[in-house]
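These are the residues of each chain, in order.
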Amino acid sequence: MFITDILIDAFFAAVAGIGFGAISDPPLKAFPYIALLAAAGHACRFCLMSYGIDIATASMFGGLIIGFGSLWLGKRVHCPMTVLYIPALLPMIPGKFAYRIVFSLIMFLQNMDNPTERTRYFEMFFSNSIVTLTVIFLLAASATLPIFIFQKRAFSLTRHNNKQLSA
Amino acid sequence: MRRDESLQSIAKFIAEYAAHMMGCGVHTSRVVRSAKRIGDAYETDVNISVFQRNIILTLKENNSDKIHSEVVDIPALPISFEHNAELSALSWNIYDNNLSLADAWKLYNKIVNAPSIDSLFVLILVGFANASFCKLFGGDWFSMTIVFSATITGMFLKQQMQRKHFNHYIIFIVCAFIASLCASTAYLFDTTSEIALATSVLYLVPGVPLINGVIDIVEGYTLTGFARLVNALMLVLCIAIGLSLTLVLVKDNLIIN
């Protein structure tokens, strides 16, 4: 059953990656690779989280997979890494936590007269903010890491004639 | 390699190229690198300062002391990865194939004026994407259909308002409000309504500037990185305002977990 869960997770992450990517007008040839990367990254996070690893660390590993994957696949479609990995990262943005930030802010303001409730929503606001910001930062930073390690390759992904380079 | 193009005309091309790239959501280091690469191809040395709204660049001829400076405004363009990929490839093309400036302009205009993806197609894809997002957060099939229809409504509204050139803060507030209001119908039924409400506005999240901002900061372009993050956070704030209007309307039904 666990494998089915992973596959379902990967499938929906792929659909989400394609859809959110489509808003930003990616090249059509990049769509299959965006889907693949989104699925791999999200499934990786899903696996790690079901083994009890926290969402920030799991997102970091997901981001690393997407980053290295985009370096590897970018050469095939002559796309810069960011064109592949930004849409692939979008399904990993922790929307539920972001929603709870807004929710707890409203409830905090609505419960100003009630100290217990107020403190509870105050705590909820900060814990959700911390998770959201950390996850987004780690996602982007870890996916960018391969650029620093393999600079030469990362900078010439869109170059078409590498023959001239070797000649 | 250098042809008889004047320093001024080269500067004009590079300025236009760099401004378009910054405008359509390319992270700063790539813009600077690509611009320098084009400058290299024309045997000039390019130095660039990038700000949020303007680019200042100075070209210096390699074997003389001629210098030309150019300041250009960054246009507010919709984000386009297609332009990102194609324009990056164009810089290598110029560098590798010794293109003349006239050819470079021709290719540039062809890329910039190419039609983008059909908006109806985008609308449907975004609907499915947000519905799958709902599933990823643990929503059931019924919530997914609600989120799908809410997203289609909101996204359609966004496209129409963008076509009429409304202020984008207004667009985000209105679209977040309408989409979450549609999704709040989930409270009428026995379903995962909190997740439906939470995911209904997520298609608006400006993920590209958020991630670009972090990339810029990590790569040392702190100024543009922060500017992008602040812009993105303003939009997130607008989404929060739209969503809170709905939350205040339906707050008696909210389930606290």
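Cut-offs and rules
- Residues numbered from 1 in each chain as written.
- Chains lettered and ligands numbered in written order.
- Predicted model: local features only at pLDDT ≥ 70, side-chain atom pairs only at ≥ 80, totals over all residues.
- Heavy atoms only, no water.
- Helix = DSSP H or I, 4+ residues; strand = E, 2+ residues; numbered from the N terminus.
- Buried < 20%, exposed > 50% of the residue type's maximum accessible area, 1.4 Å probe, protein only.
- Areas by Shrake-Rupley, 256 points an atom, 1.4 Å probe, with all protein chains shown as cover.
- Lys, Arg positive; Asp, Glu negative; His and termini not counted.
- Charge placed at Lys NZ, Arg CZ, Asp CG, Glu CD.
- Contact = heavy atoms within 4.5 Å.
- pLDDT = per-residue confidence, 0-100.
- Buried area = accessible area lost by both parts, 1.4 Å probe.
- Salt bridge = Lys/Arg side-chain N within 4 Å of Asp/Glu carboxyl O.
- Patch = residues over 30% accessible without salt bridge, like charges linked within 9 Å, V, L, I, M, F, W, Y side chains within 5 Å.
- Pairing = 2+ DSSP bridges.
- Axes fitted to C-alpha atoms, helices over the stretch in contact; angles between N-to-C directions.
- Core = buried A, V, L, I, M, F, W, Y, C linked by side-chain atoms within 4.5 Å.
- Disulfide = S-S within 2.5 Å.

Turning our eyes to something else, we now look at the overall build of chain B. Within chain B, the regular secondary structure consists of 10 helices and 3 strands. In terms of overall dimensions, chain B has C-alpha extents of about 75 × 30 × 30 Å along its principal axes. A burial count over chain B gives 54% of its 257 residues as buried. Accessible surface, chain B as shown: approximately 11300 Å² in total, 61% of it carbon and sulfur. Counting 18 positive and 21 negative side-chain charges, chain B places the averaged centre of each group 2 Å from the other.

Residues and elements named next belong to chain A. Examined against the element boundaries, Ser 59 turns out to sit in helix H3 (residues 55-77). Ser 59 sits 79 residues away from Leu 138 along the chain, and the two C-alpha atoms are 7.1 Å apart. Those residues in contact with Ser 59 that sit more than four places away from it in its chain are Arg 45, Met 92, Val 135, Leu 139 and Ser 142.

Of note, His78(A) is a non-glycine position whose phi angle comes to about 50°, a positive value. Mapped onto the elements, His78(A) comes out in the loop between H3 and helix H4 (81-89). Here His165(B), not a glycine, exhibits a phi torsion of approximately 60°, which is positive. By the element assignment, His165(B) lies in the loop between helix H6 (141-163) and helix H7 (168-183). Relative accessible area serves as the criterion here: at 69%, His165(B) is assigned to the exposed category.

This paragraph deals with the confidence of the model for chain A. The predicted model of chain A has a mean per-residue pLDDT of 87, with 95% of residues at 70 or higher. Per-element confidence in chain A is highest for helix H2 (residues 31-50) of chain A, whose mean pLDDT is 92, and lowest for helix H8 (residues 163-166) of chain A, whose mean pLDDT is 44.

All right, on to the interface of chain A and chain B then. At the interface, 57 residues of chain A touch 58 residues of chain B. Of the roughly 5100 Å² buried at the junction of chain A and chain B (both faces included), carbon and sulfur atoms supply 73%. Of all residues in chain A, Phe12(A), Asp25(A) and Tyr99(A) give up the largest surface area on contact with chain B, accounting jointly for 14% of the area buried on that side. For the salt bridge of Arg159(A) with Asp96(B), the shortest nitrogen-to-oxygen distance reads 2.6 Å.

A cluster of nonpolar side chains, Phe68(A), Phe137(A), Leu145(A), Phe148(A), Ile149(A), Phe150(A) and Val218(B), forms an exposed patch at the surface whose accessible area comes to about 580 Å². Considering every element that reaches the nonpolar patch, the biggest residue donor is helix H6 (residues 115-149) of chain A, with 4 residues.

Here we come to the sheet that holds strand S1 (residues 44-50) of chain B. Residues and elements named next belong to chain B. The 3 strands lie next to each other as S1-S2-S3, forming an open sheet whose pairing is antiparallel. Strands at the two margins of the open sheet, each flanked by one partner only, are S1 and strand S3 (67-73). Looking at each pair of strands side by side, their axes are set apart by 15° on average, direction ignored. Relative to S3, strand S2 (residues 54-61) is paired through 7 bridges, and the arrangement is antiparallel.

Core analysis: the biggest nonpolar cluster contains 94 residues, and Leu84(A), Tyr85(A), Tyr203(B) and Leu247(B) have the highest contact counts within it. Top element by residues in this core is helix H5 (residues 119-136) of chain B. It accounts for 9 residues. What Leu84(A) contacts, discounting residues up to four positions off in sequence, is Ala30(A), Tyr33(A), Ile34(A), Leu37(A), Ser70(A), Leu73(A), Gly74(A), Val77(A) and Cys79(A). Phe13(B), Met22(B), Ile55(B) and Val72(B) belong to the second-largest nonpolar core, a separate cluster that totals 35 residues.

Turning our eyes to something else, we now look at the state of the cysteines. Residue and element names in this part refer to chain A. Counted under the stated rule, the structure contains 0 disulfides over all chains. No disulfide involves Cys 44; its sulfur sits 6.9 Å from the nearest other cysteine sulfur, which is in Cys 47. On the basis of relative accessibility, which here comes to 15%, the residue Cys 44 falls in the buried class.

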